[in-house]
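Read off the chains here:
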Amino acid sequence: MSYEKRTLKSKALFERAKKFLPGGVCYASRYFEPYPFIVVKAKGSRVWDMDGNEYVDYWMGHAAVILGHGYAPVIEAVKEQLDYGTHFGYLNEEAIKWAEQVCKWFPSAEMVRPATSGTEANMYAIRLARAYMGKRRIGKFEGHWHGGYDVLHKAVGYPFDKPASLGLTEGQLRDTVLLPFNNLEGVKERIKGEELACIILEPVMGAAGFITPENDFLRGLRELCDERDILLIFDEVVTGFRFPGGAQKFYGVKPDLTTLGKTVGGQYFSGAGAICGRADIMEKIDHLKHPNFWERSFHGGTYTGNALVARAGYTVIRELEKRKDEVYPYLNKLGEKARKGLEDIFERQGFKAYVTGVGSLFAIHFTEERPRDGLTALRTKNIDLTKALHVFMLENNVIYLTSTTSHFILSVAHTDGDIEKFLSLVEEFIKQHRG
Ligand SMILES: Cc1ncc(COP(=O)(O)O)c(C=O)c1O
């Protein structure tokens, strides 16, 4: 039965949603055509809609969910925490345990503060970098996504010279210098004569489709930052728990600060975020060391370090730590199978498409050129084909977001069988669209 025929309840409720939620959704990226189904349950690698249809999920809660939906140790910990209380508004043991666990996970994390989203973590990290360095300007890469914080909300979608959102002022964007990913010489050129407080980047480009750093690019950037006295910030909101110790450990490059979101708050909860890094920088937040507010960088917030999210986050990181020798090889194996399988399909079918990704992340690019940065990932993208793949997958009970970026996220709940099914669907789609 077609998607529209089997999702009648979702269709009706979406019509109602449109009256109260702009665009009918809570986040534009969650919309897809013809209309989004309404999710009522998620377990393992599956989600179910209100009409009772089951989908294999390759979105996994915006990549937050690594251990699968409804992972029992987290659910149990959270249930227990509900009895004690979730939001005290005071320092609590859960937040301290969480902080220790985060610092244990990341090679560069000597101290950490919680934030309530990835966007907020980036906002405070940029402020902290400026405060510590006493410099105003910052570097940000084209096509990289760091959330909706004004100064980083620039050159996300293509074309990069269009405003990434209305409502941003020239003043907010003026001090953000745009940089090309995977092009160290290009970065050097653009920062010539600049005094930058920091350079921020996703070590693996996410929103443009999991594009990995090439040829020691991260190491080169680290050296450049050291030479030029610039702080290096890794936005590991996606990658932080996709590798043991984060992308920084995987690629062997230590940032000065790291920002986190998603998984760091226990996979399932809002209020998830963190800024961590070198103690001497983090201490710029410390009110004990800097009693005058005008001599420190502000950080805080009502729900920061609430016991529920801290406990969930602690539980997930501890589980990942305990199970890392099993979880990560498994995820890598599944990811490799998907990437290799896709490449084989495109070669077998003589179809021009590129495959990117690493570990548990993979993506398909219908582009004319090999995607290695924001420009090459976006400027020649065949949007119609990209959307057609999304519709095709939806018709076959496979779901991922966004409909205009074919990127896929794995969890330990996915199986070889899921990947095999996925690959056979891709092959069928390619056969239909060849020539
Ligand atoms: C790399 C990266 N940074 C920051 C963010 C923003 O995080 P949040 O949506 O929690 O504000 C995201 C969200 O998708 C992200 O992928």
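In this report, the structure presented in the accompanying data block is examined. These numbers were taken from a predicted model, which means no experiment stands behind them. (Residues numbered from 1 in each chain as written. Predicted model: local features only at pLDDT ≥ 70, side-chain atom pairs only at ≥ 80, totals over all residues. Heavy atoms only, no water.)

1. Concerning the overall build of the protein chain
Then, number 1: Tallying secondary structure elements over the protein chain gives 16 helices and 14 strands in all.
Then, number 2: Expected size for 435 residues packed as a compact globule is a radius of gyration near 22 Å; at 22 Å, the protein chain falls within 12% of this value.
Then, number 3: For the protein chain, the spread of C-alpha atoms along the three principal axes comes to 65 × 55 × 45 Å.
Then, number 4: Per-residue burial for the protein chain yields a buried fraction of 57% across its 435 residues.
Then, number 5: Looking at the protein chain as shown, the accessible area adds up to about 18800 Å², and 52% of this sits on carbon and sulfur atoms.
Then, number 6: Positive and negative side-chain charges in the protein chain, numbering 57 and 56 respectively, have mean positions lying 3 Å apart. (Helix = DSSP H or I, 4+ residues; strand = E, 2+ residues; numbered from the N terminus. Rg over C-alpha atoms; globule rule 2.2 N^0.38 Å. Buried < 20%, exposed > 50% of the residue type's maximum accessible area, 1.4 Å probe, protein only. Areas by Shrake-Rupley, 256 points an atom, 1.4 Å probe, with all protein chains shown as cover. Lys, Arg positive; Asp, Glu negative; His and termini not counted. Charge placed at Lys NZ, Arg CZ, Asp CG, Glu CD.)

2. Let's talk about the packing of helix H13 (residues 324-348) against helix H16 (residues 416-433)
Then, number 1: At their nearest, the axes of H13 and H16 sit 10 Å apart, and the two run at 20° to each other. Relative to H16, the element H13 lies roughly parallel. The handedness of the crossing between H13 and H16 is right-handed. Between H13 and H16, the contacting residues are Tyr-330, Lys-333, Leu-334, Lys-337, Ala-338, Gly-341, Leu-342, Ile-345, Phe-346 and Arg-348 on the first element and Asp-416, Ile-419, Glu-420, Phe-422, Leu-423, Val-426, Glu-427 and Ile-430 on the second.
Then, number 2: A per-class count over the contact of H13 with H16 returns eleven nonpolar, one polar and six charged. (Axes fitted to C-alpha atoms, helices over the stretch in contact; angles between N-to-C directions. Parallel < 35°, antiparallel > 145°, perpendicular 65-115°, else oblique. Left-handed = near helix turned anticlockwise from the far one by under 90°. Contact = heavy atoms within 4.5 Å. Nonpolar A, V, L, I, M, F, W, Y, C, P; charged D, E, K, R; others polar.)

3. Describing the sheet that holds strand S2 (residues 46-49)
Then, number 1: If you trace the four strands from one edge of the open sheet to the other, you get S1-S2-S3-S13, paired in mixed fashion. Each edge of the sheet is formed by a strand with only one pairing partner; in this case those strands are strand S1 (39-43) and strand S13 (398-399).
Then, number 2: As paired elements, strand S3 (residues 54-57) and S13 share two bridges and run parallel to each other. Looking at the pairing, Val-56 lines up with Val-398 of S13. (Pairing = 2+ DSSP bridges.)

4. A short note on the site of the ligand
Then, number 1: Every residue lining the ligand is accounted for by Ser-117, Gly-118, Thr-119, Asn-122, Trp-145, His-146, Gly-147, Glu-202, Asp-235, Val-237, Val-238 and Lys-262.
Then, number 2: Gly-118 is positioned with one of its backbone polar atoms (N or O) 2.9 Å from an oxygen atom of the ligand.
Then, number 3: For the ligand, a nitrogen atom lies 3.4 Å from a polar atom in the backbone of Trp-145.
Then, number 4: About the coverage of the ligand: the protein hides 84% of its 390 Å² of free accessible area. (Near = heavy atom within 4 Å. Polar contact = N/O pair within 3.5 Å; in protein donor to acceptor, adjacent residues only side chain to side chain.)

5. Quick notes on the pattern of salt bridges
Opposite charge on two side chains permits pairing when their charged atoms draw close.
Then, number 1: Under the counting rule described, the total for this entry stands at 32 salt bridges.
Then, number 2: The closest approach of N and O atoms between Glu-15 and Lys-18, which form a salt bridge, is 3.2 Å. Residue Glu-15 and its partner Lys-18 are both found in helix H2 (residues 8-20); the two are separated by three residues, about one turn of the helix.
Then, number 3: Each of Arg-222, Asp-226, Asp-256, Arg-278 and Asp-280 takes part in one network of salt bridges that share partners. (Salt bridge = Lys/Arg side-chain N within 4 Å of Asp/Glu carboxyl O.)

6. Thoughts on the nonpolar core
Then, number 1: Counting 56 residues, the largest nonpolar core has Phe-241, Phe-346 and Phe-422 as the members making the most contacts within it.
Then, number 2: For this core, the leading source of residues is H13, giving eight residues.
Then, number 3: Each of domain 1 (3-69 + 324-433) and domain 2 (72-322) gives at least three residues to this core.
Then, number 4: Non-local contacts of Phe-241, meaning those with residues more than four positions away in its chain, are made with Ile-66, Trp-105, Phe-106, Leu-260, Thr-263, Val-264, Ile-317, Leu-320 and Tyr-328.
Then, number 5: Counting 52 residues, the second-largest nonpolar core is a separate cluster that includes Val-47, Phe-160, Val-238 and Tyr-251. (Core = buried A, V, L, I, M, F, W, Y, C linked by side-chain atoms within 4.5 Å. Domains from an automatic or database assignment.)

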